[in-house]
Amino acid sequence: MLKYLNFSIKFFIIVSLLCLFFVFSTLWYFSIGLPDYKKLSNYQPPISSRVYSDNGKLIAEYSLEKRLFIPFESIPKKVINSFLSAEDKNFFNHPGIDAKGILRALVKNFQNISENKRLEGASTITQQVAKNFLLTNEVSINRKIKEAILAFRIERAYTKERILELYLNQIYLGQGTYGIAAASLEYFDKSVKDLNYIEAALLAALPKAPSKYDPFKYPEVAKFRRNLVLQNLEDNNYISKNQLKKFKNSQIKLKRRKIEIVNEANSYTEEVRRSIKEKYGFKKLYSEGLSIRTPLRVDYQIEAIKAL
């Protein structure tokens, strides 16, 4: 009996050492040539430049990507809670990888395979930051391992608030918008700070598949996905059962943002665009978020067009 016990202990130790060797070898292999995660410290997202009339009305925008940067301190709790509930409810507790989430996805995917359904992912917000900023969208085991390694490194280097700030300003939310600030204007014509839980949940529903859940094109599908986020909000104790019932029954209300007299001022704003581009360059105009004030009088311009 003692001989068998000694053999079992030795076997366990050897297998454990081999497993550790395999894990460290794998991590070392995939760590070679990884992008430098430290560049996130100096990340400057491309931001839309905006042209205003004499009284501050928006009359034109120039951008490579529709984005307005918003610092973490200015992001409302409703928006944060909605995205955490939709994407990564354990974000503030895990070290970059959510072991519980991975296990839950594995169990769910066994069922999905048997029912021929789409497989679910288990990427944390930190992993999505690693993918969106530093890696490609390639679907492979190699990328997932690199993503995991980078997620651990990012978590050690930056605060949770900084990681969430990067994510919420970078994520694509459909209709050509990047980040929550631009998406809030595009879908509801309002600032992020004015969103309610129904609207915040709709935005949080979009990262999974912005085209599929586009509320302008597919309102019923978007509502279904929004209601799943609302259910998660209730599960996570961010909203009450009564609020959940009320919110789920509400219809999606959208309001496209309109830039005033955009057609009437086309010639004028085009001249402004040329002038700024010549003076400051293409990059500054289209990606550095210039705020351009002009002497254009909206009422005069409209009357001039009518007279012409």
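Nothing here was measured: the structure is a model prediction, and the numbers come from that model.

A. Summary view of the sheet that holds strand β3 (residues 291-293). Strand order in this open sheet of three strands is β2-β1-β3, and the pairing throughout is mixed. Both outer strands of the open sheet, β2 (58-62) and β3, are each paired with one neighbouring strand and no more. Across this sheet, the average inter-strand angle for adjacent strands is 20°, counted without regard to direction. Packed onto the sheet, helix α11 (residues 266-280) meets β1 (49-52), β2 and β3 and runs at close to 45° relative to β2.

B. Fine view of the packing of aromatic side chains. According to the stated counting rule, one finds eight aromatic pairs in the structure shown. Seen in terms of ring centroids, Y187 and F216 are 5.6 Å apart; in terms of plane orientation they differ by 15°. Their pairing is stacked. One end of the pair, Y187, is in helix α7 (residues 180-188); the other, F216, is in the loop between α8 (197-205) and α9 (219-235), and 29 residues separate them in sequence. By relative accessible area, which is 26% here, F216 ends up partly exposed. In textbook terms, an aromatic cluster arises when at least three aromatic residues are bridged by ring pairs, as seen for Y62, F282 and Y286. Above the plane of the ring of F216 lies R256, whose end atom (NZ or CZ) is 3.8 Å from the centre. A cation over a ring is seen here: R297 above Y300, with NZ or CZ 4.2 Å from the ring centre.

C. Structural detail: the side chain of S53. Residue position: S53 is located in the loop between β1 and β2. Contacts of S53, omitting those with residues within four sequence positions, involve I59, R293, T294, L296 and V298.

D. Just the nonpolar core, in detail. F83, I154, L164 and I180 are the most contacted members of the largest nonpolar core, which totals 56 residues. Put simply, the parts of the chain that give this core at least two residues each are α2 (77-87), α4 (125-134), α5 (141-157), α6 (160-170), α7, α8, α9 and α10 (241-249). The element best represented in this core is α8, accounting for seven residues. Contact partners of F83, with chain neighbours within four places excluded, come to D88, Y167, L168, L173, I180, L203, A204 and P207. I59, Y62, A265 and Y286 belong to the second largest nonpolar core, which has twelve residues in total.

The rules behind these values
Residues numbered from 1 in each chain as written. Predicted model: local features only at pLDDT ≥ 70, side-chain atom pairs only at ≥ 80, totals over all residues. Heavy atoms only, no water. Pairing = 2+ DSSP bridges. Helix = DSSP H or I, 4+ residues; strand = E, 2+ residues; numbered from the N terminus. Axes fitted to C-alpha atoms, helices over the stretch in contact; angles between N-to-C directions. Contact = heavy atoms within 4.5 Å. Phe/Tyr/Trp six-rings, centres within 6.5 Å; stacked < 30°, edge-to-face > 60°. Buried < 20%, exposed > 50% of the residue type's maximum accessible area, 1.4 Å probe, protein only. Lys NZ or Arg CZ within 6 Å of the ring centre and 35° of its normal. Core = buried A, V, L, I, M, F, W, Y, C linked by side-chain atoms within 4.5 Å.

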